[in-house]
2 protein chains.
Amino acid sequence: MAHSNTRPTSRDVAQAAGVSQAAVSLVLGDKWHGRVSAATAQRVRDAARDLGYRPNLAARNLRLGHTRTVLLVVPALTTEFFAGVYTGAARIAAQHGFGVVLYPSPEGVGPARDPFASAQAALDGVIASSMAADALTTIRGDQLPLVMLDSDPQGSLGAATVNLDIADGVRQVTEHLLGLGHRRFLHLAADVPSWTFEVRAHELATRVATVPGTDVRTIRAPLTFEAARAATEAALTTPGPHPTALVCDDDKLAAGAYKALRRHGLHVPSDISVTGLDDLALATAIDPELTTVRLDAELFGERGMQALLAVLDGREPDRSDIPVHLVVRGSTAPPRPH
Amino acid sequence: MAHSNTRPTSRDVAQAAGVSQAAVSLVLGDKWHGRVSAATAQRVRDAARDLGYRPNLAARNLRLGHTRTVLLVVPALTTEFFAGVYTGAARIAAQHGFGVVLYPSPEGVGPARDPFASAQAALDGVIASSMAADALTTIRGDQLPLVMLDSDPQGSLGAATVNLDIADGVRQVTEHLLGLGHRRFLHLAADVPSWTFEVRAHELATRVATVPGTDVRTIRAPLTFEAARAATEAALTTPGPHPTALVCDDDKLAAGAYKALRRHGLHVPSDISVTGLDDLALATAIDPELTTVRLDAELFGERGMQALLAVLDGREPDRSDIPVHLVVRGSTAPPRPH
DNA sequence: CCACGGGAGTTATACGTAACACGTGACGGC
DNA sequence: GCCGTCACGTGTTACGTATAACTCCCGTGG
């Protein structure tokens, strides 16, 4: 059964339910009590669900004369401070049926109530990080063009994908450490359900396994500073030979690990080498400065956008991976001769 | 001359210019060549400017069936990484006449083309940080309800205001340092055109001036890690007695200063005490952990939102300042006895 | 003198929704 | 027997814009 390519409207729902458009509006707006029978209301709701109906917010906003969306202007997105401001504002807004849109000063702007309830009001497409996977089923509910940032290679969602070459980054890290002479690795892995972190662990293990006499132990921690400290601390107190190199899935984890190492009187890099991944500002704020892999976030964003434009245009998006580069700083050195 | 309270529409412009609404649409859409005389086109543009006309984007979107706005889903706003992703995506988007909206996974969302060109499509009001002052004249161009975060007390924009009690934070810092016995201060000030930073400098100077035998020297640096390091380094190489306490306008500046102090062989806090302001995660990542003033960003956001809701409701917003609290950590200690 | 073309506009319409103002039976009370 | 009321809807309109289709007038070539 071929059906129209355009999104269903409230009139389509009305026709399917055998009622007028006005009745649909009443029912879906929850203003039907005493105006429409419960049975009819249910028929309308069923029809709306079956058709996958989503109200057109542009039309609604036009009709209503307001949008229940406010704008938050902040100096930049880089500060945790304004991230918090946003979170607080969004929470209260949600309690009042409002949405919040971000506009980071000279460089950028944001959405509303429910991600798509408000966003869809004005969207031609979606760019999504695979780390926000929980929202993805919702996204697929709409049939908006979608581009994934760092999705799995199989593209399980059938969407276009832009990938950082994380595997190559891990390869560069392990080459560097193996070249320095390290053989006993501790891997501080991010405990998040994301494919990008899986590849880090997998690549590290296979890379190291090719060199005789090496071993790697993996510990997991949620992606926070404090969790990383605690996990590292726990690993240091277990018996057995100490690792000479600590490979972290992320700079923030490395910063947390620094703290644990310091408490145990271990000096970086003479007692143990440490590496991160991301090259955040944090990497140069800590002492010693962190050897890490630079990910070009801006390029990642640009490539994501270009891919979406391609999809909207009916063109084939560029599928090549984005290269990443090892940045060697003071946190890695040859292991102390035994 | 009393005029309507509602926003002017293209029909109002048409009436003012003595043409039809269609002509206005043609001229403003830059599709008038060969259809409207140059003189008439100019009359229309003048009328639009005089009335402060801004097209209703909800109507436009409804008519056009698209919005030239895409959604960027990211895990959270706290990471510099995704801030970069956003910046890159927004840049490319802008080049194509698209806007980008942010949706930080389970906690929050973002904007478009020109901040208000796209945002206004769906806005009932605006919350703006005073640090994004460059955008404010644009905001006032619309007559949207506006709430300022940390505006000047005179409220020069005539908008509602929510303030953190920064002055009290500075007072707490100076009391703390004076109590420890410090008398020679170096103030590392943020070199940004913002009232909030002015108050920090002013409050520090007046507070310190009340104690006999004290002095304070101020140096300025842009709000970046590297600039703070360079400025501190320069201050340390100038002749004269060394300060015993370094008061920074912001945690990030303090982290930069740490680096400069380390290079000069100065130990924190035994050689010099250091304080910050914000209490970012960074404050506990560096060694020693930073004595700083905690600003409750989320509460700030909540209060901003509540104020806006009040304005929209015709109520008087709560004008009380938000309290802040000194957090004493390892970066402050009594000065070394001379 | 007429036909034709192009310049300079105007008129009319549709986008999808929300909500106001009606309509239509059926039933109950007096 | 008639009116009021209630349950259950429907018809219609307006929101502000962009654009296709139309009108009108003037100049010009044949």
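The preceding data block contains the structure.
Small disclaimer: the values here were computed from a predicted structure and weren't measured.

(A) How the structure looks around the sheet that holds strand 9 (residues 273–275) of chain B. All names here are of chain B. Strand order in the open sheet formed by four strands is 7-6-8-9, and the pairing between neighbours is parallel. Unpaired on one side and paired on the other, strand 7 (215–221) and strand 9 mark the two borders of the sheet. Strand after strand, the sheet turns through a mean of 20 degrees between neighbouring axes, direction not considered. With three bridges connecting them, strand 8 (residues 245–248) and strand 9 associate as parallel partners. Across the sheet, the residue bridging to alanine 245 is serine 273, located in strand 9. Sitting on the sheet, helix 10 (residues 225–237) touches strand 6 (184–190), strand 7 and strand 8, and the angle it makes with strand 7 is about 140 degrees.

(B) Layout of the sheet that holds strand 8 (residues 245–248) of chain A. All names here are of chain A. One open sheet accounts for four strands, arranged 7-6-8-9; its pairing is parallel. Two strands lie at the open edges of the sheet, namely strand 7 (215–221) and strand 9 (273–275), each paired on one side alone. When the angles between neighbouring strand axes are averaged without regard to direction, this sheet yields 20 degrees. In this sheet, strand 8 lies alongside strand 6 (residues 184–190) in parallel orientation, the contact comprising four bridges. Within the sheet, the bridge partner assigned to leucine 188 lies in strand 8 and is cysteine 248.

(C) Region of interest: the side chain of threonine 275 of chain B. Note that threonine 275 of chain B resides in strand 9. Leaving out residues up to four positions away in the same chain, threonine 275 of chain B has contacts with Val173, Leu177, Leu246, Val247, Cys248, Ala254, Leu290, Thr291 and Thr332 of chain B.

(D) View of the pairing of strand 8 of chain A. Neither face of strand 8 of chain A is exposed, since Ala245 and Val247 of chain A on one face and Leu246 and Cys248 of chain A on the opposite face are all buried. Read as a crossover between parallel neighbours, the route from strand 8 of chain A over helix 11 (residues 251–263) of chain A to strand 9 of chain A is right-handed.

(E) Fine view of the protein's contact with DNA strand D. Taken together, 26 residues sit near DNA strand D, with Ser37 and Thr40 of chain A together with Ser10, Tyr53 and Arg63 of chain B positioned nearest. Contact between DNA strand D and threonine 40 of chain A: a phosphate oxygen at 2.6 Å from a side-chain N or O atom of the residue. Arginine 63 of chain A has a polar backbone atom sitting 3.5 Å from a base oxygen of DNA strand D. Elements that contribute at least two residues to the surface near DNA strand D include exactly helix 2 (21–28) and helix 4 (57–64) of chain A together with helix 1 (10–17), helix 2 (21–28) and helix 4 (57–64) of chain B. Residue contributions to the surface near DNA strand D peak at four residues, all from helix 4 of chain B. Split into classes, the residues belonging to the surface near DNA strand D amount to nine nonpolar, ten polar and seven charged.

The rules we used
- Residues numbered from 1 in each chain as written.
- Chains lettered and ligands numbered in written order.
- Predicted model: local features only at pLDDT ≥ 70, side-chain atom pairs only at ≥ 80, totals over all residues.
- Heavy atoms only, no water.
- Pairing = 2+ DSSP bridges.
- Helix = DSSP H or I, 4+ residues; strand = E, 2+ residues; numbered from the N terminus.
- Axes fitted to C-alpha atoms, helices over the stretch in contact; angles between N-to-C directions.
- Contact = heavy atoms within 4.5 Å.
- Buried < 20%, exposed > 50% of the residue type's maximum accessible area, 1.4 Å probe, protein only.
- Right-handed = clockwise from strand over helix to strand, strands pointing away.
- Near = heavy atom within 4 Å.
- Polar contact = N/O pair within 3.5 Å; in protein donor to acceptor, adjacent residues only side chain to side chain.
- Nonpolar A, V, L, I, M, F, W, Y, C, P; charged D, E, K, R; others polar.

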